[in-house]
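Descriptive structure summary
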Amino acid sequence: MAFRLPGIRRASFQAASKVPKGYLAVYVGDKMKRFVIPISYLSQPSFQELLSQAEDEFGYNHPMGGLTIPCAEDAFLDLTSQLNRL
């Protein structure tokens, strides 16, 4: 007998389990490309703005199993490259 968590699909749970400790999976852009980012980004004001946009657009329903960020992939890459320099 398999144990199932309500509302969590197997693929989503497996993908989430492959994220290293101290990191977070996010999905970005029209193609929902998956990125694994350090959780330290969450405290940065520029990243918090993206989180606010994600909350406005998706609420707490993120069907990909990870956090969905509503911005273009290029803009996300620009932001993360800036955060990497800090």
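Residues numbered from 1 in each chain as written. Predicted model: local features only at pLDDT ≥ 70, side-chain atom pairs only at ≥ 80, totals over all residues. Heavy atoms only, no water.

Formally: UniProt positions are given in the numbering used here, feature names are shortened, and annotations may be inferred rather than shown by experiment.
Check the Sequence similarities (unreviewed entry) section of the UniProt entry for the protein chain; it says "Belongs to the ARG7 family."

Focus on the packing of aromatic side chains
Put simply, the rule is: To pair, rings of Phe, Tyr and Trp, with the six-membered ring standing in for Trp, must have centres within 6.5 Å; the planes then decide the type, stacked if under 30 degrees apart, edge-to-face if over 60, and tilted in the middle. Each residue's exposure class comes from its accessible area (1.4 Å probe, protein chains only) as a fraction of the maximum for that residue type: buried when under 20%, exposed when over 50%, partly exposed otherwise.
The final tally for this structure, using the stated rule, is three aromatic pairs. Taking the centre distance of 6.1 Å and the plane angle of 55° together, the rings of Tyr41 and Phe47 count as tilted. Exposure class is identical for Tyr41 and Phe47. Each is buried. Among the aromatic side chains, those forming a connected cluster through ring pairs are Phe35, Tyr41, Phe47 and Phe76.

Things to note about helix H2 (residues 45-58)
Residues that lie three or four places apart on an α-helix share one face, since the helix turns once every 3.6 residues. For clarity, the threshold we go by: Each helix is a run of DSSP H or I of at least 4 residues and each strand a run of E of at least 2, with the numbering of both proceeding from the N terminus. Expected helix span is given by 1.5 Å per residue-to-residue step, counting one fewer step than there are residues. The directions from the helix axis to the C-beta atoms form the arc being described. Residue contacts are defined here by distance: any two heavy atoms, one from each residue, within 4.5 Å place the two residues in contact.
With 14 residues, H2 should reach 20 Å at 1.5 Å per residue; the first-to-last C-alpha distance of 20 Å fits that figure. Among the residues of H2, Phe47, Leu50 and Ala54 are the ones counted as buried. Around the axis of H2, the buried residues are gathered within 50° of arc, so they sit on the same side. Counted as exposed and oriented over 90 degrees from the buried face of H2: Pro45 and Asp56. Summarising the contacts, the buried residues of H2 are in contact with strand E2 (33-38), strand E3 (67-69) and helix H3 (73-84). Remark: Gly59 follows H2 within two positions and exhibits a positive phi of approximately 65°.

So, unusual backbone geometry
Most peptide bonds are trans, and most residues other than glycine sit at a negative phi. One non-glycine residue with positive phi stands out, namely Met32, at about 55°. Following the sequence through the fold, Met32 ends up in the loop between strand E1 (23-28) and E2.

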